[in-house]
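Chain by chain, the residues:
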Amino acid sequence: MAEVLYYQTKPRQIYAYTANGQRGIKVGDTTKDDVNIRIRQGLVNTPNPQYHVEFVDFAVTKDGFLFRDYDVHHALEDMGIKRFKDEDGAWTEWFDTDAATVRQAFLSVKHGHAIEKARTKDYLLRDEQKKFIRETEQYFRLYDADPKNKKAPHYLWNAKMRFGKTFTAYELAKKMHWKRILVLTYKPATAKQWRDDLEEHIDFEGWQFIKGGDYDWNKLNQEQPIVWFASYQDILGRDKGKTVKDKFIKMYEQTWDAMFVDEYHFGAWRDAAKELGQAKDDIDTEMPEEGDEEGEIEATMPLNVKHYIYLSGTPFRAIADGEFDENQISNWTYADEQRKKEEYVNEKVNPYAELPQIVMMTYRMPEKLREIAMQGEFNEFDLNTFFSAKKDENGEYIFKFENEVQAFLSILHGMNLEQNLEDGFSQKHPPIPYEDARLLSVLNHTFWFLPNVPSCKAMKRLLERDNFFRQYKIICAAGNDAGMGEDALIPVMEAISDDPFSTKTITLSCQKLTTGVTVKPWTGVFFLRNITAPETYFQAGFRAQSPWAYTNETGEKEIFKDTCYIFDFAPTRAIRLISNYVSGLGVGDKRRPEEQIQEFLHFLPILSYDGYAMQSLDAKSVLDISTFGIGSTMLARRWQSAKLVDVSNVVLEKVLNNEELMAALDKIEDFRNLRQDLTKVITSEKSINQTKKEGKELTPGQKGEKHENDGFKKKLREKLLKFLTRVPVFMYLTEFREETLKDVITQLEPELFTRVTGLTVHDFELMCEIGVFNKGRVNEAVYQFRRFEDSSLNYVGGHDEVGDMMALIGGFDAVVTREEADEIIEGVVG
């Protein structure tokens, strides 16, 4: 800042204005007495310019020194405000903010220190947010009170997008009286939400927010809470010859009450965390095994952290891998949200009303388009192959199957349906996105998810040449030229403009804009690529569910989007992911899978077109389709799941007290000493539990016993699982194909069951009744196996086939070669 005394030079005026057709607000300065003269000069090349002056003040500090507009620009950037670039990539004077924030930045320059925003937000916690805080606080306080716990505790917030995680996180910190809070993310673009909630809500008066390395620690009030927002990129960056950047040394010196790990589902932190662990030679760190994700963060992070909270809307892998126990997870899913929306009594003040319902529509592609892209273990239609692209002789990206992709686009808007849909659709075709009047009216702005950058560029070229789609502005948000992070969002918002009802856009992407962004007018997501990770699928799919409403002058909300859509052209994949979403995130839900899925379908109906008719799927259909192409490897893992066997103290005591069952197990080599071992373990566990109940610390001897007991239970579970892993063998060997397995075991082939599993039918039923075998889980596994088996039989002609055709039943990849299997099932699965 130039140190020129006020009386020596005429002060400039800092001004800010907004203009029609421009995003954000411009901040400039002028020596002219009338700022309108300078503003009109800047708009001289704009036809019929319309603008509004939002702010004007003299650029003089409280000490009498002059400053310039770029000082205010720097203050805005320090506050995390986004600055726009022009078409050539040069920084402009336009900022993505409002007049109040410009004034705040101006005053911070004028007074020489940061000025707090006016706190205008006063909304209260919703019930589900209170529940998260209550459950997390309870777990941390109990854990911290136990002196034997030396390791920092961790907790998972399985919270769907739009939950309000940042506000809830701060309220938790306030309830826990935390003063040092670290927010760590792989998506720096989330910084604005973390800053805004802290600085604009009345609950956090005096709290301080710093981002990355932009701070002056000595100017911070050490008695007030400090929130430090940092990305993995920030922490892992190094100054030359050093393992830590100088500006982050202060972070390593602090004791952090809590670390919120944001966007945990990304998993890209894995390589980043390893790099950090390897770079810090002076830190004794052992890298955990693959799969222990939260363990890697906690073990390799060279920071002193007391509590870890992981935030994710799609923590599938963390839950599936058992990284968190049930009492370490709070849940808020899409079904929870929509259930609350439906149950809310007062519709006028329903805080969930503006959250749209999602409808999924899946389509089996016409056979003539499918046959060019049949790939994979089950010969499924491969979207990545279908939409693969290459460069032509002019260096432009084109689709390898250009004619077929053009036919696909023609189908989407209902052109030449009879020609394009022969042998693929019935005479009465299903609702088609850009042909059905009901869908067409709401799909003005959509997001298309493609395999890679070449396919995005090829699609943009083809759409712009299509007579129907040329009415849409096509934005290619892929590749380096699309910009990084939120920069890729600018062309989208500019194309949508201030009046999204008069514009039409299609945004193409292969990765950008799938997380951490909100585009309210998006009403549909088209999946035109292979995706196996449910995290990626649902993060992208939920982009269409951003609320879009307007509060009028009377305070009433007008909702512009009450329904949004997911369109998928690989039905089996889509339905399998839905099934996985329901089962994978339903932590603590004791209902049968059919019941869980049926409720979910009430809130997210699936309309599936199989080439003959479009039907609304029920739970049985979802389970059926999701199992239709399941591989034998997946089935094998299902029968090795620890969830199939219960070795809790209650169940073990029931086993010990059942003389008939104990006598049977005594005859099996693996269980020769079971009676003695169970007696010892049960007695020990009772003593340990009594000590805990009395609030006493375990003795060294009890700690050793606890370790031994856990080891015994693990080995016992493995031995019991051996029985269950033989059940599929029995199902393969028996020639009977009854709908229920029980009749086959108890009436038709009990001897075969005993020879294969080592258990009599009576012993097996006893174990199920006592609870050793989780009957619900076993039934689910049997159901999935038999549905897969039935599908296999249908491929080869059903139950009427005999001889060699029947010999193929037993698992495709275990009996025949891939080529033979493809010949048998070609064109059936997809």
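Structural data are supplied above this passage.
Notes on the structure in this doc start here. None of these values were measured; they are calculated from a predicted model.

Time to look at the overall build of the protein. Within the protein, the regular secondary structure consists of 36 helices and 28 strands. Looking at the protein as a whole, 51% of its 830 residues are labelled buried. Considering only residue pairs separated by 6 or more positions, the protein has 70% of its internal contacts joining residues 24 or more positions apart. Only carbon and sulfur atoms are counted for the fraction: they give 48% of the accessible area of the protein, which is about 39700 Å².

Look at helix 12 (residues 334-343) against helix 22 (residues 593-603): their axes get within 9 Å of each other, and the N-to-C directions meet at 60 degrees. Classified by the angle between their axes, helix 12 and helix 22 sit oblique to one another. Handedness of the crossing formed by helix 12 with helix 22: left-handed. Residues Tyr 334, Ala 335, Gln 338, Arg 339 and Glu 342 of helix 12 lie in contact with helix 22, whose contacting residues are Glu 599, Phe 600, His 602 and Phe 603. Here the contact of helix 12 with helix 22 is built from residues that sort into four nonpolar, two polar and three charged.

We now examine the environment of Pro 521. Along the chain, Pro 521 turns up in the loop between strand 22 (505-509) and strand 23 (524-527). Judged by its relative accessible area of 8%, Pro 521 falls in the buried class. Ignoring sequence-local partners within four residues, the contact set of Pro 521 consists of His 445, Ile 496, Pro 500 and Trp 548.

Residues Asp 86, Glu 87, Asp 88 and Glu 494 make up a contiguous surface patch of negative charge. By the secondary structure assignment, Asp 86 is in the loop between strand 4 (83-85) and strand 5 (91-95). Accessibility expressed as a relative area gives 35% for Asp 86, which makes it partly exposed.

If a strand is regular, its side chains alternate between the two faces of the sheet. For strand 15 (residues 357-363), the tally of buried residues reaches six of seven residues, placing the bulk of the element in the interior. Inspection of the sheet shows strand 15 paired to strand 26 (residues 563-568) by six bridges, in the parallel sense. What sits directly across from Gln 357, in strand 26, is Thr 563. Pairing between strand 15 and strand 27 (residues 606-609): four bridges, direction parallel.

This next bit is on helix 20 (residues 534-541). With seven of its eight residues buried, helix 20 lies for the most part within the structure. Taken as a whole, helix 20 has its buried residues at Pro 534, Glu 535, Tyr 537, Phe 538, Gln 539, Ala 540 and Gly 541.

What follows covers the sheet that holds strand 2 (residues 25-30). With antiparallel pairing, five strands are arranged side by side in an open sheet as 3-1-2-5-4. At either margin of the open sheet sits one strand with a lone partner, and together these are strand 3 (51-58) and strand 4. Each strand of the sheet is rotated relative to its neighbour by a mean of 40 degrees, with strand direction disregarded. Pairing analysis gives seven bridges linking strand 1 (residues 13-19) to strand 3, with the strands arranged antiparallel. Paired with Ile 14 across the strands is Asp 57, a residue of strand 3. Running over the sheet, helix 1 (residues 35-42) touches strand 1, strand 2 and strand 3 and is turned about 130 degrees from strand 3. Packed on one face of the sheet, helix 3 (residues 99-111) meets strand 1, strand 2 and strand 3 and runs near 15 degrees to strand 3.

Another point: the state of the cysteines. Enumeration according to the criterion identifies zero disulfides in this entry. Here Cys 456 is not disulfide-linked; the sulfur of Cys 510 is the nearest cysteine sulfur, at 4.5 Å.

Moving on, we get to the sheet that holds strand 9 (residues 226-231). Pairing is parallel across the open sheet formed by seven strands, whose spatial order is 8-9-7-11-13-6-14. Of all strands in the sheet, those with a lone pairing partner are strand 8 (208-211) and strand 14 (329-332), marking the two edges. On average, each strand axis in the sheet is inclined to that of its neighbour by 15 degrees, with strand direction left out of account. Relative to strand 14, strand 6 (residues 154-159) runs parallel, the two sharing four bridges. Looking at strand 14, one finds that Leu 156 is bridged to Ile 329.

Turning our eyes to something else, we now look at the packing of helix 26 (residues 659-666) against helix 32 (residues 761-770). The N-to-C vectors of helix 26 and helix 32 enclose an angle of 125 degrees; their axes lie 10 Å apart at closest approach. Overall, the two elements helix 26 and helix 32 adopt an arrangement that is oblique. Helix-helix and strand crossings are classified by hand; for helix 26 and helix 32 the assignment is left-handed. Facing Glu 660, Leu 661, Ala 664 and Leu 665 of helix 26, the residues of helix 32 in contact are His 762, Asp 763, Leu 766, Met 767 and Ile 770. For the contact of helix 26 with helix 32, a count of residues per class yields six nonpolar, one polar and two charged.

Following the criterion strictly, the structure yields 37 salt bridges and no others. Here Glu 396 ties to Arg 465 by a salt bridge, and the two come within 3.8 Å at their closest N and O atoms. Residue Glu 396 is found in the loop between strand 18 (389-391) and strand 19 (397-399), and its partner Arg 465 is found in helix 18 (residues 453-465); the two are separated by 69 residues along the sequence. Residue Glu 396 is classed as partly exposed on the basis of its relative accessible area of 34%. On the accessibility criterion, Arg 465 (48% relative accessible area) is partly exposed.

Leu 513 and Tyr 537 are the most contacted members of the largest nonpolar core, which totals 45 residues. Considering every element that reaches this core, the biggest residue donor is helix 21 (residues 571-585), with six residues. Formed by 42 residues, the second largest nonpolar core is a distinct cluster that contains Ala 458, Cys 476, Leu 528 and Phe 567.

It is worth spelling out unusual backbone geometry at this point. With a phi close to 80 degrees, Arg 162 is a non-glycine residue in the positive phi region. Residue Arg 162 is classed as partly exposed on the basis of its relative accessible area, which comes to 27%. At Leu 513, a position not held by glycine, the phi torsion is positive, near 70 degrees. Residue Leu 513 is classed as buried on the basis of its relative accessible area, which comes to 5%.

Turning to its location among the elements, Glu 128 is positioned in helix 4 (residues 127-145). Residue classification places Glu 128 among the buried residues on the basis of a relative accessible area of 4%. Of the polar contacts made by the side chain of Glu 128, one reaches the side chain of Arg 126; its length is 2.5 Å. Among all residues touching Glu 128, those that are not within four sequence positions of it are Phe 163, Trp 332, Lys 340 and Tyr 352.

Attention shifts here to a nonpolar patch on the surface. On the surface, Phe 501, Tyr 550 and Phe 560 cluster together to form a nonpolar patch covering roughly 320 Å² of accessible area. Considering the arrangement of structural elements, one finds Phe 501 in the loop between helix 19 (490-496) and strand 22. What makes Phe 501 exposed here is its relative accessible area of 52%.

Our focus in this paragraph is the environment of Phe 248. Structurally, the position occupied by Phe 248 is in the loop between helix 7 (232-236) and helix 8 (249-253). Other than its neighbours up to four places away in sequence, Phe 248 contacts Gly 212, Gly 213, Tyr 215, Trp 228 and Asp 234.

Throughout the structure, instances matching the rule amount to 63 aromatic pairs. Note on Tyr 17 and Trp 94: the rings are 5.6 Å apart at their centroids and 80 degrees apart in plane angle, and the pair reads as edge-to-face. Residue Tyr 17 is found in strand 1, and its partner Trp 94 is found in strand 5; the two are separated by 77 residues along the sequence. Here Tyr 17 falls in the buried class, since its relative accessible area comes to 2%. Among the residues examined, Trp 94 registers a relative accessible area of 12% and is labelled buried. Ring geometry for Tyr 139 against Tyr 155: centres 5.7 Å apart, planes inclined by 50 degrees, an arrangement best described as tilted.

Thresholds applied
- Residues numbered from 1 in each chain as written.
- Predicted model: local features only at pLDDT ≥ 70, side-chain atom pairs only at ≥ 80, totals over all residues.
- Heavy atoms only, no water.
- Helix = DSSP H or I, 4+ residues; strand = E, 2+ residues; numbered from the N terminus.
- Buried < 20%, exposed > 50% of the residue type's maximum accessible area, 1.4 Å probe, protein only.
- Contact = heavy atoms within 4.5 Å.
- Areas by Shrake-Rupley, 256 points an atom, 1.4 Å probe, with all protein chains shown as cover.
- Axes fitted to C-alpha atoms, helices over the stretch in contact; angles between N-to-C directions.
- Parallel < 35°, antiparallel > 145°, perpendicular 65-115°, else oblique.
- Left-handed = near helix turned anticlockwise from the far one by under 90°.
- Nonpolar A, V, L, I, M, F, W, Y, C, P; charged D, E, K, R; others polar.
- Patch = residues over 30% accessible without salt bridge, like charges linked within 9 Å, V, L, I, M, F, W, Y side chains within 5 Å.
- Salt bridge = Lys/Arg side-chain N within 4 Å of Asp/Glu carboxyl O.
- Lys, Arg positive; Asp, Glu negative; His and termini not counted.
- Charge placed at Lys NZ, Arg CZ, Asp CG, Glu CD.
- Pairing = 2+ DSSP bridges.
- Disulfide = S-S within 2.5 Å.
- Core = buried A, V, L, I, M, F, W, Y, C linked by side-chain atoms within 4.5 Å.
- Polar contact = N/O pair within 3.5 Å; in protein donor to acceptor, adjacent residues only side chain to side chain.
- Phe/Tyr/Trp six-rings, centres within 6.5 Å; stacked < 30°, edge-to-face > 60°.

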